[in-house]
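Coordinates in review
Residue strings, one per chain:
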Amino acid sequence: MSILEAKGVTKIFGGLTAVKEVDFRVEKGEIVGLIGPNGAGKTTFFNMISGFYRPNEGDVLFNGSSIVGLKPSRICKLGMTRTFQIVKPFPELTVLENVMMGSFNHHARSADSRAKAMEVMELLGLAERAGELAGNLPVAGRKRVEVAKALATEPEVMLLDEVMAGLTPAEMHQMIDTVRRIRDTGVTMVIVEHVMPVIMSLCDRIYVLHHGEKIADGTPEEIVSNKSVMEAYLGEDFMIEAEGNA
Amino acid sequence: MDYLKNLRPLHFFYLAALLVLFTLPLYAESGFVTGLMPEGMDGSALLHVMLMIFFFGYLSQSWNISGGFAGQLSLGHAAFFGLGAYTSSLLYVNFGISPWVGMLAGMAVAGTFGLLIGLVSFHYGLKGPFFALVTIAFAEILRLIIQHLAFTGGPMGILIPLMGDSWWEFQFLAKEPYYYIALFMMLISIAVVWVIANSRWGFYFRAIREDEDAAEAIGIDITRYKLLSVTLSAAMTGAAGTFYAQYTQYIVPDDLIIVAFSIEIVLRAIIGGAGTVMGPIVGSFIMTPLGEATRIIFEGGGAGISLVSLLQQEIPAGEKFSQYLDYLAAGGGGGLAIMLYGAVLIVVCIGMPRGVVPWLRRRFGRYA
């Protein structure tokens, strides 16, 4: 049984089909990438599996049972959480207090929640900044806080929405390292990302969306050599021209 | 012992303030204290002003739970206040039930009304200004209903008969018992909010205020916690209604359940710092004396002038302006207070947009 599975999920906004009959499955312990050009439906798809949108058709299974119609908070309690592309830590709260927002998910008492938050911050290299105001952190630090907050809810599956956006190459390397370390603790991850080298080096498998449809899935090697993926990214005209030159 | 080590200057300040507040009635009438006060004020007026500071501090602190921490901007808290006042007063006048019991009943009624407003608003996903409008609408509806019902006394309100000077009746001839009740209510509200701020509830309320989607994603059932904040806030506000009814012994819908009163409550929290534990209290210590003291000092100061006749008079502009100030001061006593309110609001909005307490913390946090 896959830990997370989407079966033919479709989302229609008015007359526009944003996501069309996408099948998707994630096995325990994997890092799965989700890529596609702008407007491909990645975020819509993400919102459906995390409970923010309800699919018009299809089903989403988490650990074998349907989570369609459940609130995101309920899904988080079951063991799946997400981060947001635009990170908004509470600026006038400390890093520790920000991360505690997440660790309260499974720890009702402040002291327990604080202990869990410290543990997560240790793993993510945030421990020495625990007392700093989150608003004083640079972008990379704030992204880290966002990931820490999600990890502190103690999820089985984490959905990361563009955690690399806005980072310098050096910071990206650190973040890649962090994501791997999180995976090593047994957390399964789905990442939406624009930065191709990151996706290629991190992911075990990749799904490609284009115009709301899944056009390919496979290992990074399979994806880079996939013709329809190249078409989707580069445009058909360019493909014909490239073939003509060859 | 650890606790003693953690004592900071701010704690000593609080301790000193508590000492002064608890002993103030003992020397309010002394020459030293009255000598410090503006002309026209005596010890009894001082106690009244202090009592109103506690009363508004309590109200604003109650609002702070839902409005400050959870970010649900209610402009209808006067409704919860009115429900508390009417519930205990009706129980007292009709059935002789002690206002203390009535206070609990009033809290239940106000809390239920808050829950109802929350259920309706959050079901339809109303946020921010739209939630604020709904709370105003509910409060207005409630006022109209109370005005048109016979058993609530209609527009004439309820006059609470003097049944005796006793704690059971919640009626006193002296100001001191009211002073201490108001002080205790304010201290309890600070304690409640302090506990909330440092617990899961407080963290979740703030998370919801900042970003509802992000809060949901980390496992916070936002509807549940928003309802919790509004219900708790409404119930606490209801208790203040009972206090007010017993203190003034007369309640009318036009005084109680009006938007202006809701704004008085909200204003203190915003000035002091919404979403902080001491903000509403500091706000009340700043704003309440402005309203109360100016009313006492200027009452009757320039009575008998009408604005039209003043503007038609052929006198120098400077004199006209000073007479205009008199006019404002005389206009129900609240005119000048409103001007001062406006001035303070402008200063705070420009200089301390998050309120006085966060501003103080940023400037002097290292000394505290």
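One structure accompanies this document, and this report is about it. (Residues numbered from 1 in each chain as written. Chains lettered and ligands numbered in written order. Predicted model: local features only at pLDDT ≥ 70, side-chain atom pairs only at ≥ 80, totals over all residues.)

Notes on the overall build of chain A
- A tally of regular secondary structure across chain A gives 10 helices and 10 strands.
- Projecting the C-alpha coordinates of chain A onto the three principal axes gives extents of approximately 65 × 40 × 35 Å.
- Expressed as a percentage of the 246 residues in chain A, the buried residues total 43%.
- Long-range pairs, those at least 24 residues apart, make up 63% of the contacts in chain A between residues at least 6 apart in sequence. (Helix = DSSP H or I, 4+ residues; strand = E, 2+ residues; numbered from the N terminus. Buried ≥ 20, exposed ≤ 12 C-beta atoms within 10 Å, placed from the backbone. Contact = placed C-beta atoms within 7 Å.)

Thoughts on helix α4 (residues 43-69) of chain B
All names here are of chain B.
- Under the 1.5 Å per step criterion, the end-to-end length of α4 is 36 Å for 27 residues, consistent within 8% with the ideal 39 Å.
- Of all the bends in α4, the largest measures some 45° and sits at W63.
- With 22 of its 27 residues buried, α4 lies for the most part within the structure.
- Just downstream of α4 lies G71, where phi reads positive at about 70°. (Expected span 1.5 Å × (residues − 1). Bend = angle between axes of the 7 residues up to and from the residue.)

Considering the interface of chain B and chain A
- Every contact between the two is made by 17 residues of chain B and, on the other side, 22 residues of chain A.
- The set of elements that each furnish at least two residues to the side of chain B that touches chain A consists of α9 (200-210) and α10 (212-217) of chain B.
- Per-element tally for the side of chain B that touches chain A: the top contributor is α9(B), with six residues.
- When grouped by side-chain class, the residues that make up the side of chain B that touches chain A number seven nonpolar, three polar and seven charged. (Nonpolar A, V, L, I, M, F, W, Y, C, P; charged D, E, K, R; others polar.)

Description of the nonpolar core
- Among the nonpolar cores identified, the biggest contains 157 residues, and V99(A), A148(A), M189(A), F54(B), F55(B), A79(B) and A182(B) are the most heavily contacted of them.
- The element contributing the most residues to this core is α4(B), with 14 residues.
- Leave out the neighbours within four places in its chain, and F55(B) touches A182(B), A240(B) and F243(B). (Core = buried A, V, L, I, M, F, W, Y, C linked by C-beta atoms within 7 Å.)

So far we have only geometry, and geometry alone does not tell us how the molecule works.
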